[in-house]
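Below, each chain spelled out in residue letters.
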Amino acid sequence: MSRPALHPAFHDIAKRVNNWGRWGAGDEIGTLNLITDEVVREAVATVRTGRRIPVALPLREDGVQTGLIPGRVNPLHVMVQINQEIFGPGTVACSDDAVTMGLQAATHWDALTHVSHSGKLYNGRPAHTITAHGGAAFSGIDKPRHIVSRGVLLDVARARGVDRLAGGHAVTPEDLDAAEELAGTRVRPGDIVLVRTGQIQTYLAGAKDAYGYPSPGLSVRTPEWFHARDVAAVANDTLTFEIFPPEIDDLWLPVHALDLVEMGMLQGQNWNLEELSTACGQEGRYCFLLSAMPEPFVGGTGTPVAPVAIL
């Protein structure tokens, strides 16, 4: 039995945002190529006060995962030795820990191999190159060796005059334009864009199920906006990144497929942008130096990340 084809609207957008071959047939990092030395120098120049804002959620056993996604477990932290004198009595004692978790359990980056469609990954590579033992043979999360650039907070919730967008709100290009106007800066090639919806407030208040569903998120129309601006990566403060349930019936995770597969643009979820929103509002500026280094899990399709915005 043949599988149903993706909605024609998806394929129309895919053609317009496709970056396959743009940086060569062997490219494995996609739009991160846009973060040049010059972009980083300009990013460093945004630092004025040195104020540092962490945007990661704590890694904890009662984290954001509810069991909806098979295998994506919250961090399970155990001690493997406690004050053990491993070199003999009276020597320095050591304590060590271990953790089991889904790499995308909390604040994370999706690698370009996190999703596929029509049997393909970014740059036209076959989806079957992801294997049980080796993980992603190409475009694993270990391939981006550093992610540091100018960050821009597009505070859509604040731009629309609310503390948190409604669960059914699909963030549109028009919303991004309004947030950009609020920010007082134009998104430039190589920028990392952080889109605030306010949805993470639901999780922080203890309503884990409501955090995931229904959720505001990026509309299927937004990849063209990011493509036109040559954005290097995008992250937001929701569980699913895109609006959930989807805008188009039976078209699940289309924004994932457009961003990761077609455009080759990393995306991140579960970023806590609340303190950053307050700080940007207080200082009257929404661009900053952003360090969001991936943990180099070889062959990984995602990674925990502890980003820091430096104002």
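For the structure itself, consult the block above.
Residues numbered from 1 in each chain as written. Predicted model: local features only at pLDDT ≥ 70, side-chain atom pairs only at ≥ 80, totals over all residues. Heavy atoms only, no water.

1. Observations regarding the overall build of the protein chain
Put simply, the test is: We count a stretch as a helix when DSSP gives it H or I for four or more residues in a row; a strand needs E for two or more, and each element gets its number in order from the N terminus. Only C-alpha atoms enter the radius of gyration, while the globule expectation follows 2.2 Å times N to the 0.38, with N the number of residues. In summary, the charge assignment counts Lys and Arg as positive and Asp and Glu as negative, without counting His or the chain termini. Think of each charge as sitting on NZ of Lys, CZ of Arg, CG of Asp or CD of Glu.
Helix and strand counts for the protein chain come out as nine helices and 15 strands. A compact globule built from 311 residues should have a C-alpha radius of gyration of about 19 Å, and the protein chain, at 20 Å, falls within 12% of that. Here the protein chain contributes 25 positive and 35 negative side-chain charges, whose respective centroids are spaced 4 Å apart.

2. Here's the deal with the sheet that holds strand β11 (residues 233-236)
Heads up, the condition is: Strands qualify as paired when DSSP identifies two bridges or more between them. Only the stretch in contact is used when a helix axis is fitted, and all axes are lines through C-alpha atoms; the angle between N-to-C directions ranges over 0 to 180 degrees. By the convention used here, residues are in contact when the closest approach between their heavy atoms is within 4.5 Å.
Strand order in the open sheet made by the nine strands is β1-β15-β13-β7-β9-β11-β12-β4-β14, with mixed pairing throughout. At either end of the open sheet lies a strand with only one pairing partner, and these are β1 (52-54) and β14 (302-304). Neighbour-to-neighbour, the strand axes of the sheet open up by a mean angle of 25 degrees, direction not taken into account. Relative to strand β12 (residues 266-269), strand β4 (residues 108-110) runs antiparallel, the two being bridged by three bridges. Residue pairing across strands places D110 opposite Q267, the latter belonging to β12. In this fold helix α2 (residues 37-44) packs onto β7 (148-155) and β13 (287-291), with an angle of close to 60 degrees to the strand it touches most, β7. Against the sheet, helix α8 (residues 254-263) contacts β4 and β12, and its axis sits at roughly 140 degrees relative to β12.

3. Focus: unusual backbone geometry
A cis geometry characterises the amide bond from Y213 onward to P214, with omega recorded as -10 degrees. Within the element layout of this structure, P214 appears in the loop between α6 (208-212) and β10 (217-218). Here the amide bond leading from F244 into P245 is cis, since omega sits at 0 degrees, within 30 degrees of zero. In this structure, N83 takes a positive phi of about 50 degrees despite not being glycine. Summarising the element assignment, N83 is placed in strand β2 (residues 76-84).

4. Quick word on the nonpolar core
Using the following cut-off: Remark: nonpolar core denotes a set of buried residues (Ala, Val, Leu, Ile, Met, Phe, Trp, Tyr, Cys) joined through side-chain atoms within 4.5 Å. Think of it in three bands: residues with accessible area under 20% of the maximum for their type are buried, residues over 50% are exposed, and the middle band is partly exposed, with areas taken using a 1.4 Å probe on protein chains only.
Counting 34 residues, the largest nonpolar core has W109, L194, W271, L276 and F288 as its most contacted members. Those elements that place two or more of their residues in this core are β9 (192-196), β11, α8, α9 (274-283) and β13. Top element by residues in this core is α9. It accounts for three residues. Ranked by size, the runner-up nonpolar core spans 29 residues in total, among them L154, A157, L218 and V220.

5. With respect to the pairing of β13
By the criterion of burial, β13 is predominantly enclosed, with four of the five residues buried. One ladder, built from five bridges, connects β7 with β13; its direction is antiparallel. Among the inter-strand pairings, V148 is bridged to a residue of β13, identified as S291. In this sheet, strand β15 (residues 308-310) lies alongside β13 in antiparallel orientation, the contact comprising three bridges. Considered in β15, the bridge of S291 is made with V308.

6. Some thoughts on helix α1 (residues 8-17)
In an α-helix, one full turn covers 3.6 residues, which means residues spaced three or four apart are oriented alike. The line we're drawing: This arc corresponds to the set of directions leading from the helix axis out to the C-beta atoms.
By the burial criterion, the buried members of α1 are F10, I13, A14 and V17. Looking down the long axis of α1, one finds its buried residues gathered within 105 degrees of arc, a one-sided arrangement. Opposite the buried face of α1, by more than 90 degrees, sit the exposed residues P8 and K15.

7. Notes on the side chain of T222
Mapping T222 onto the fold places it in helix α7 (residues 222-229). Beyond its immediate stretch of four places on either side in the chain, T222 contacts V171, T172, P173 and L176.

8. Thoughts on the pairing of β9
Counting buried residues in β9 gives five out of five residues, a clear majority hidden from the surface. Burial of β9 is two-sided: the residues I192, L194 and R196 facing one way and the residues V193 and V195 facing the other way are all buried. Pairing of β7 with β9 involves five bridges; the strand directions are parallel. Counted as the bridge partner of V152 is V193 from β9. Strand direction decides the pairing type here: β9 and β11, joined by four bridges, are parallel. Following the sheet pairing, L194 is matched in β11 by A235.

9. Structural notes on a nonpolar patch on the surface
Just so we agree on the cut-off: Patch membership requires more than 30% relative accessible area and the absence of a salt bridge. Residues of like charge join within 9 Å; the nonpolar side chains Val, Leu, Ile, Met, Phe, Trp and Tyr join within 5 Å. Shrake-Rupley sampling with a 1.4 Å probe provides the accessible areas, and residues are treated as covered by the protein chains on show and by no other component. Salt bridge, as used here, is a side-chain nitrogen of Lys or Arg placed within 4 Å of a carboxyl oxygen of Asp or Glu.
On the surface, L76, V78 and V80 cluster together into a nonpolar patch covering about 240 Å² of accessible area. Tracing the chain through its elements places L76 in strand β2. Among the residues examined, L76 registers a relative accessible area of 41% and is labelled partly exposed.

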